[in-house]
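So the chains spell out like this:
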Amino acid sequence: MDAVLVINADLGPLHRVTVQHAIRMLCRRVAEIHEAEPDQVIGVFPVPRVVRLLRYVVTRWRFSTGPAWSRGGVLRRDGQRCAYCNAPASTIDHILPRSRGGRNTWKNTTAACYECNQRKGDRTPAEAGMPLRREPVTPTWAALAGR
């Protein structure tokens, strides 16, 4: 078990943390164990799966425009699959290349395998003759957390 779900005092999901971070939260008494691994302990604490915060944390920011763009977020959104050939993806491709004014935005970037990224180069998908298998979208917090 490498990640522990942190839920708000109203039982709404917030984020994931490492087991070590969750144990520190328990020691500081900012959280309590909501669900634990059976028959496994770390010191006096059972190994947590889910911890619940004791005080409610306001999360208005989560319901605004959505998560900020990140390379890892693009790979997660696209399921680590290339948008051109569906092979495992390890790079990010800009649909409108950065040299032509393309920006790091959710709708201008997509996951791509190294070979497709190199073949497309400094061209748009239409110029390269490489149609996208799926249109990039701005993900929601729930979509990014669910993968």
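Residues numbered from 1 in each chain as written. Predicted model: local features only at pLDDT ≥ 70, side-chain atom pairs only at ≥ 80, totals over all residues. Heavy atoms only, no water.

The name an unreviewed UniProt entry gives the protein chain is 5-methylcytosine-specific restriction endonuclease McrA, with Micromonospora rhizosphaerae as the organism.

**Student:** Describe the overall build of the protein chain, naming the residues involved and giving the relevant values.
**Tutor:** Helix and strand content of the protein chain: five helices and six strands. Tracing the protein chain from N to C terminus, the helices and strands come up as β-β-α-β-β-α-β-β-α-α-α. Principal-axis analysis of the C-alpha atoms gives the protein chain an extent of 60 × 30 × 20 Å. Evaluated residue by residue, the protein chain yields a buried proportion of 38% over its 147 residues. Here the contacts in the protein chain between residues at least 6 apart in sequence split such that 54% fall between residues at least 24 apart. Entry remark: accessible area of the protein chain is about 9100 Å², with carbon and sulfur atoms responsible for 54%. (Helix = DSSP H or I, 4+ residues; strand = E, 2+ residues; numbered from the N terminus. Buried < 20%, exposed > 50% of the residue type's maximum accessible area, 1.4 Å probe, protein only. Contact = heavy atoms within 4.5 Å. Areas by Shrake-Rupley, 256 points an atom, 1.4 Å probe, with all protein chains shown as cover.)

**Student:** Go over the UniProt feature "domain: HNH nuclease" (unreviewed entry) in the protein chain, please, and point to the residues and values.
**Tutor:** The UniProt record annotates "domain: HNH nuclease" (unreviewed entry) at residues 69-118. End C-alpha atoms of residues 69-118 are separated by 22 Å, and the span's content is 24% helix alongside 16% strand. (UniProt positions renumbered as here; feature names shortened; annotations may be inferred.)

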